[in-house]
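Inside the fold
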Amino acid sequence: MYHIKTFNAIAPQGLADFTADYAINQSEDPDAYLIRSVDLYQQTFSKNLKAIARCGAGYNNVPLDRALANGTVVFNTPGGNANAVKELIIANMIIANRNIIAAANWTQKVERADVTLRTEKEKTAFNGTELRHKKLAVIGLGHVGSLVANAASDLGMQVIGYDPYLSADAAWHINQKVKRATSLIQAIQTADFVTIHVPKNVETTGLIGTSELTMMKPDAVLLNFSRLGIVDNQAAITFLRAGKLRQYITDFSSKEILHEPKVTIMPHIGGSTIEAEVNCAKLAVAETKAFLETGNIQNAVNMPDVQAPFQTQYRFTLMHRNVPNMIGQISTLIADAGINIENLVNSAQADYAYTMVDTNQLPLAKKNTLLARLNAIDSMKRVRILCRS
């Protein structure tokens, strides 16, 4: 029996995918957490905690280093809310160009019977422009960026994308009409809209700052639905006030941009749809089940993806530091127990690595001793022995 603890409201359609081998919120020492936005930095991780699955793309609420030190794999659910974010991006571009909010607010100030007549005289004040033929720069062509690029292309926009890390698999999903820029500046310098869809890391923090804003058109609209800090908010305010940027639309608030007339702030609703919550919950459950039952890792954010068919009777999974001779030590101890290795898979990411060893032999009399010896290897973080039913 595996025990799962949930934080926040996890979509029941996702939790329903757990089998009878799982108990939900029946133990304070669970095998895995399913979370959304809860801050885990103050949470104590027990040694039994093997996995944390974040129902969403962002994971800045999880202390990854502390999870690694505990031997806990952290997953996210990339793409689960991508369509929801895409629709919100398209909606905000339309709102920005058609003065929809200003027009709707205006009608609230006049008598209902008078709206039509007055509109005929005054509606030119709300004249907008169409998205068709406008140029959109999409920075980051992953799950969300590729959907935005394709949707904008379908609306007749000229789309140029920039992603130096674009994978071959992701490229297959991008409309052939989308042009590819070779630099960030090339993508943004003639764009009417610039939308950012990159993960937050050392390279992307402050990605759009003073130098980049200087290169953009003064009537451009900037959208940030990735993460706070990717756009230099203070620089954006400076350009907005100087009339060198038309509008800034973001899903992340900060004190610099509050109450600015040319800033539209969404209350972090990019992935807030019923469908997105269900998609993310189902993906998180699938990742958690696969890891607990087979040891396979997919969509981890603190460990490499490692997958292999579980076709033998037993599987050793070992999470350890990425240091020399770990494979040698593991193989020697298993061989010394009289066990023949059928398959071995290993992959590393930065300072940590993950190894899976498959076998059809496991003398029960030696199981506990072998487990103890493997765990005693210096730099070993967690060892599990799985049995295929």
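Heads up: these notes are all about the structure in this document. (Residues numbered from 1 in each chain as written. Predicted model: local features only at pLDDT ≥ 70, side-chain atom pairs only at ≥ 80, totals over all residues. Heavy atoms only, no water.)

Things to note about the overall build of the chain
A count of helices and strands for the chain gives 13 helices and 16 strands. In terms of its C-alpha atoms, the chain occupies a principal-axis envelope of roughly 90 × 45 × 35 Å. Residues counted as buried form 49% of the 389 residues belonging to the chain. Sequence separation of at least 24 residues holds for 62% of the intrachain contacts in the chain that already meet a minimum separation of 6. Entry remark: accessible area of the chain is about 19,200 Å², with carbon and sulfur atoms responsible for 51%. Of the charged side chains in the chain, 38 are positive and 34 negative; the average position of the first set lies 2 Å away from that of the second. (Helix = DSSP H or I, 4+ residues; strand = E, 2+ residues; numbered from the N terminus. Buried < 20%, exposed > 50% of the residue type's maximum accessible area, 1.4 Å probe, protein only. Contact = heavy atoms within 4.5 Å. Areas by Shrake-Rupley, 256 points an atom, 1.4 Å probe, with all protein chains shown as cover. Lys, Arg positive; Asp, Glu negative; His and termini not counted. Charge placed at Lys NZ, Arg CZ, Asp CG, Glu CD.)

A short note on a nonpolar patch on the surface
There is a patch of nonpolar side chains on the surface, built from Ile94, Ile95, Ile100 and Ile101 and spanning about 290 Å² of accessible area. Those elements that place two or more of their residues in the nonpolar patch are helix H3 (82–98) and helix H4 (100–107). Using a relative accessible area of 39% as the deciding quantity, one classes Ile100 as partly exposed. (Patch = residues over 30% accessible without salt bridge, like charges linked within 9 Å, V, L, I, M, F, W, Y side chains within 5 Å. Salt bridge = Lys/Arg side-chain N within 4 Å of Asp/Glu carboxyl O.)

Looking at the sheet that holds strand S15 (residues 352–359)
Pairing is antiparallel in the open sheet, where four strands are placed in the order S14-S15-S13-S16. At either margin of the open sheet sits one strand with a lone partner, and together these are strand S14 (343–349) and strand S16 (380–387). Here the average twist between neighbouring strands, direction ignored, is 10°. Its contacts with the sheet put helix H12 (residues 326–336) on strand S13 (314–321), S14, S15 and S16, and the angle it makes with S13 is roughly 145°. (Pairing = 2+ DSSP bridges. Axes fitted to C-alpha atoms, helices over the stretch in contact; angles between N-to-C directions.)

As for the packing of H3 against helix H6 (residues 143–154)
Interhelical geometry of H3 versus H6 gives an angle of 45° and a closest axis separation of 9 Å. Of the possible angle classes, the one that applies to H3 and H6 is oblique. H3 and H6 meet at a crossing whose hand is right-handed. From H3, Ala82, Asn83, Val85, Lys86, Ile89 and Ile90 reach across to H6, where they touch His143, Val144, Leu147, Val148, Ala151 and Ala152. A breakdown of the residues in the contact of H3 with H6 according to their chemical character gives nine nonpolar, two polar and one charged. (Parallel < 35°, antiparallel > 145°, perpendicular 65-115°, else oblique. Left-handed = near helix turned anticlockwise from the far one by under 90°. Nonpolar A, V, L, I, M, F, W, Y, C, P; charged D, E, K, R; others polar.)

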